[in-house]
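Structural overview for review
What follows is each chain in one-letter form.
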Amino acid sequence: FEAPQRPEDFKLYPHTIESLKKIQSMGYYLFVITNQPDAAKGKTTMKNLWDVHDKFHEILITNGVYFKDYYYCFHHPSVSKCECRKPSPFFFFFSKKEFNLNLKKSWMIGDRNTDIVCGINAGTKTIKITEEKESNLADFAAKNLEETVEIIKFCDKLRKKVKI
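We now turn to the structure provided with this report. (Residues numbered from 1 in each chain as written. Predicted model: local features only at pLDDT ≥ 70, side-chain atom pairs only at ≥ 80, totals over all residues. Heavy atoms only, no water.)

What follows is about the overall build of the protein chain. Counting its regular elements, the protein chain contains five helices and five strands. For the protein chain, the N- to C-terminal ordering of α and β elements is α-β-α-β-α-β-α-β-β-α. Dimensions of the protein chain, computed from the C-alpha atoms along their principal axes, are close to 50 × 35 × 35 Å. The buried share among the 164 residues of the protein chain stands at 41%. Here the analysis covers contacts within the protein chain between residues at least 6 apart in sequence; of these, 56% occur between residues at least 24 apart. (Helix = DSSP H or I, 4+ residues; strand = E, 2+ residues; numbered from the N terminus. Buried < 20%, exposed > 50% of the residue type's maximum accessible area, 1.4 Å probe, protein only. Contact = heavy atoms within 4.5 Å.)

In this section: the nonpolar core. In a soluble, globular protein the nonpolar side chains are often hidden away together inside. If you look at the biggest cluster of nonpolar residues, it comprises 25 residues, and the most contacted ones within it are Leu20, Phe56, Leu60, Val65, Phe67, Tyr70 and Trp107. Where this core is concerned, the elements lending two or more residues are helix H1 (16–25), strand S1 (30–35), helix H2 (46–62), strand S2 (67–73) and helix H5 (145–162). In this structure Phe67 touches Leu20, Leu30, Phe31, Val32, Phe56 and Leu60, once residues within four positions along its chain are discounted. Ile33, Phe92, Leu101 and Cys118 belong to the second-largest nonpolar core, a separate cluster that totals 11 residues. (Core = buried A, V, L, I, M, F, W, Y, C linked by side-chain atoms within 4.5 Å.)

Within the secondary structure, Ser95 sits in helix H3 (residues 90–99). Taking the relative accessible area as the measure of exposure, Ser95 reaches 1% and is therefore buried. Sequence-distant contacts of Ser95, that is, excluding residues within four places in its chain, are made with Phe31, Tyr71, Asn100 and Leu101.

Let us look at H1. Burial in H1 covers these residues: Thr16, Ile17, Ser19, Leu20 and Ile23. Viewed end-on, H1 has its buried residues packed into an arc of 165 degrees, placing them on one side of the element. For H1, the secondary structure elements touched by its buried residues are S1, H2, S2, strand S3 (107–110) and H5. With its phi angle positive at about 95 degrees, Gly27 sits one or two positions after the end of H1. (Arc of directions from axis to C-beta.)

In the structure shown here, the tally under the stated rule is eight salt bridges. Between Glu8 and Arg6 there is a salt bridge, and its shortest N-O distance comes to 3.5 Å. Given the relative accessible area of 53%, Glu8 is considered exposed. On the accessibility criterion, Arg6 (38% relative accessible area) is partly exposed. Where Asp9 meets Arg6, a salt bridge forms, and the shortest distance between an N and an O atom there is 2.8 Å. On the basis of relative accessibility, which here comes to 30%, the residue Asp9 falls in the partly exposed class. One network of salt bridges, with partners in common, ties together Arg6, Glu8 and Asp9. (Salt bridge = Lys/Arg side-chain N within 4 Å of Asp/Glu carboxyl O.)

Another aspect to go through is the sheet that holds strand S5 (residues 140–142). Pairing within the open sheet is parallel, and its three strands lie in the order S3-S4-S5. Either end of the sheet is taken by a strand with one partner, and the two such strands are S3 and S5. Going across the sheet, the axis of each strand differs from the next one's by a mean of 20 degrees, ignoring polarity. As paired strands, strand S4 (residues 125–129) and S5 are joined by three bridges and run parallel to one another. The partner of Lys128 across the bridge, within S5, is Ala141. (Pairing = 2+ DSSP bridges. Axes fitted to C-alpha atoms, helices over the stretch in contact; angles between N-to-C directions.)

Inspection of the entire model under this criterion finds 14 aromatic pairs. Look at Phe56 and Tyr70: their rings are 6.2 Å apart centre to centre, the planes differ by 80 degrees, and that puts the pair in the edge-to-face class. Of the two residues, Phe56 is situated in helix H2 and Tyr70 in strand S2; the sequence distance between them amounts to 14 residues. Across the pair, exposure class does not vary: Phe56 and Tyr70 are buried alike. (Phe/Tyr/Trp six-rings, centres within 6.5 Å; stacked < 30°, edge-to-face > 60°.)

What follows is the structure, given as structure tokens:
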């Protein structure tokens, strides 16, 4: 999987919008926390990356999906050091202060181990989107975003039953 470097490269997986709407309707805030080092590595420009963001944001808004914020780390370790690159929980801690989040009741959903380690470092529950049945780092594994919705629903129901 390659990150889109231009707006015309951007595509959503099937059922992404519907799944995000379901998560949003369960009372969760949605955030993007992503490493996007392609400009730092000279593969694209910052303008192109912001154009990709604008296209993504427009698709979401048009479909009634509202992210609280987008956190991008544009750095790459071969070019510069930073504190915001995943697996650092920097953006989680920033959003915790900004939006008064309870990270223990939050989720990190990602397709890379750096996503999962970031969530673990922040104290969230984690779901890795993977074709593998199990993820050795994440709390849960799912084959797509639709399955993550079912996992979150199940865990929310369980938490209410046992009043966690």
